[in-house]
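Summary of structural features
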Amino acid sequence: MQIKKIRLLPVTLPLIGSFKTSEDNLNTREVTLVQVVTTTGLSGLGELEAFAHPTYTAETQATARQIIQQEIVPLLTDFQFALPEELSKHLAVIQGNQMAKAAVETAVWDLYAQSQQKSLAAVLAQRLQVRPRRQIAVGVSIGQQPSVDQLLQKIKLYLNQGYQRVKLKITGVAEIAMVEHVRQQFPKLNLMVDANSAFTLADLPALSRLDKLNLAMIEQPLATDDFVQHAQLQKQLTTSLCLDENIFSLADVATTVTLKSARVINLKLARVGGLTNALAIAQYCQKQRLEVWCGGMLETGIGRAANLALASLPLFTFPGDISASDRYFSEDVIQKPFELAQGGRLNVPDQAGLGVNLTAKYLGKMAEQPWIWVN
Ligand code: OSB
Ligand code: MG
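As the structure is a computational prediction, the values presented were derived from the model and not from experiment. (Residues numbered from 1 in each chain as written. Chains lettered and ligands numbered in written order. Predicted model: local features only at pLDDT ≥ 70, side-chain atom pairs only at ≥ 80, totals over all residues. Heavy atoms only, no water.)

We now examine the coordination of the magnesium ion (ligand 2). With distances of 2.0 to 2.2 Å, the protein atoms coordinating the magnesium ion (ligand 2) are Asp194 (OD), Glu219 (OE) and Asp244 (OD). Going along the chain, you hit the donors of the magnesium ion (ligand 2) in the pattern D-x24-E-x24-D. Linking Asp194 in strand β7 (residues 191-194) with Glu219 in strand β8 (residues 218-219), this pair joins segments that are 25 residues apart in sequence. (Donors = N, O, S within 2.8 Å, 3.2 Å for Na, K, Ca; no water. Helix = DSSP H or I, 4+ residues; strand = E, 2+ residues; numbered from the N terminus.)

Structure representation (structure tokens):
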């Protein structure tokens, strides 16, 4: 395979409700859709997941688009490959910039799976010599709410819809009482919290209160670049810690294992540079008995399809942050938005490649973008 041309379509989708975390407060989701075409006419789609501002990771939409145009495209000139894994290895000469790499790599996995006339889920499963699941249980991640009543209302709404796990965003000590209240109201709920680095070790008393609530896990309590203090904290808590913002590579997961910084990994294919790296990390976690589950980045249908393919691998047992399209957007970019099936489950696309198609509107917008010529 050889890549002939690439085009980029920046899109801004209004979110149905604002998504407030300790790092950001989002009312819209800006992503860039990436189309990659090979010299033989295969075409694939990927989604650039960086946020507009460098609040969650260092990359932004603007920096990642620039890396694609000025660094990734030149590397693809004269580059021949048979498998997406070779592309991933080839792009590894670029330090960091995982989301820029993942956007292009996902499009290549899409067109590669299409060339095999298989769904992406089936192709990934083949790599691990397992069978993909056709449907998976999913959870919902709820941004910080203005009041406990509004939070309880939101939780009830999602539980009525069938979601099997709830993740609450907490932005500091003040919200611990809110989580205690939720636990009182829903004693059996599969409940967890995500602090997006809102705490320090000095908050141990507050974190110990969380420890009494029988939470599935506490995600990213401490600083984004810290492994040592997370290990110290994990030793003092019964509840498992889960790392998100720290994990950019397999080496970061190995650090987590060696230092015992956490017992769980939130795996986002975009944050680790794409599906090839995500597969390696998932396998490593399984070997090391580290729990791993599929996180989310408020993706449009394109990124969501890739997440579903990954999460369909049987080693992902914990319901991930992969909700139905209507939990995020009133209008998605794909023709058949993802709908929650019976029992809080999503169907894994079974058509060739990602298995989703852009709507006429977004196909038209993509067609208006200039080609970047690669070969
Ligand atoms: O920390 O997991 C996170 C969304 C944006 C940025 C960071 C995070 C999240 C989520 C996932 O919680 C939400 C989703 O995609 O459903
Ligand atoms: Mg998180």
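Right, let's get into the site of ligand 1. Within the structure, ligand 1 sits among 16 residues, and Ser141, Lys169, Asn196, Leu298 and Tyr328 are positioned closest to it. Ser141 places a polar side-chain atom, nitrogen or oxygen, 2.9 Å from an oxygen atom of ligand 1. For ligand 1, an oxygen atom lies 2.9 Å from a polar atom in the backbone of Leu298. Relative to its unbound accessible area of 390 Å², ligand 1 is 97% covered by the protein chains. With respect to the detected pockets, ligand 1 is housed in the largest cavity. Class assignment for the residues of the shell around ligand 1 results in 6 nonpolar, 3 polar and 7 charged. (Near = heavy atom within 4 Å. Polar contact = N/O pair within 3.5 Å; in protein donor to acceptor, adjacent residues only side chain to side chain. Areas by Shrake-Rupley, 256 points an atom, 1.4 Å probe, with all protein chains shown as cover. 1 Å grid on protein atoms, 1.4 Å probe; cavity = no way out; pocket = protein on both sides within 12 Å on 5 of 7 lines; lining within 4 Å. Sits in = over half its atoms within 2 Å of the grid points. Nonpolar A, V, L, I, M, F, W, Y, C, P; charged D, E, K, R; others polar.)

This paragraph deals with the sheet that holds strand β1 (residues 3-20). Strand order in this open sheet of 4 strands is β3-β2-β1-β13, and the pairing throughout is antiparallel. Two strands in the sheet have a free side with no partner beyond their single neighbour: β3 (43-48) and β13 (372-373). In terms of strand pairing, strand β2 (residues 25-38) meets β3 through 6 bridges, oriented antiparallel. Bridging from a neighbouring strand, Val34 pairs with Gly46 of β3. Docked against the sheet, helix α12 (residues 360-367) engages β1, β2 and β3, running at close to 135 degrees with respect to β1. (Pairing = 2+ DSSP bridges. Contact = heavy atoms within 4.5 Å. Axes fitted to C-alpha atoms, helices over the stretch in contact; angles between N-to-C directions.)

Inspection of the entire model under this criterion finds 11 salt bridges. The closest approach of N and O atoms between Glu219 and Lys167, which form a salt bridge, is 3.0 Å. Taken together, the residues span a long stretch of sequence, with Glu219 in strand β8 and Lys167 in strand β6 (residues 166-169) at a distance of 52 residues. When its relative accessible area of 0% is taken as the criterion, Glu219 is described as buried. For Lys167, a relative accessible area of 1% gives the class buried. A salt bridge links Asp244 to Lys268; the shortest N-O distance between them is 3.1 Å. On the criterion of sequence distance, the pair formed by Asp244 in the loop between β9 (241-243) and α9 (250-259) and Lys268 in the loop between β10 (264-267) and α10 (275-288) is long-range, its members being 24 residues apart. Of the residues examined, Asp244 reaches a relative accessible area of 1% and is grouped as buried. (Salt bridge = Lys/Arg side-chain N within 4 Å of Asp/Glu carboxyl O. Buried < 20%, exposed > 50% of the residue type's maximum accessible area, 1.4 Å probe, protein only.)

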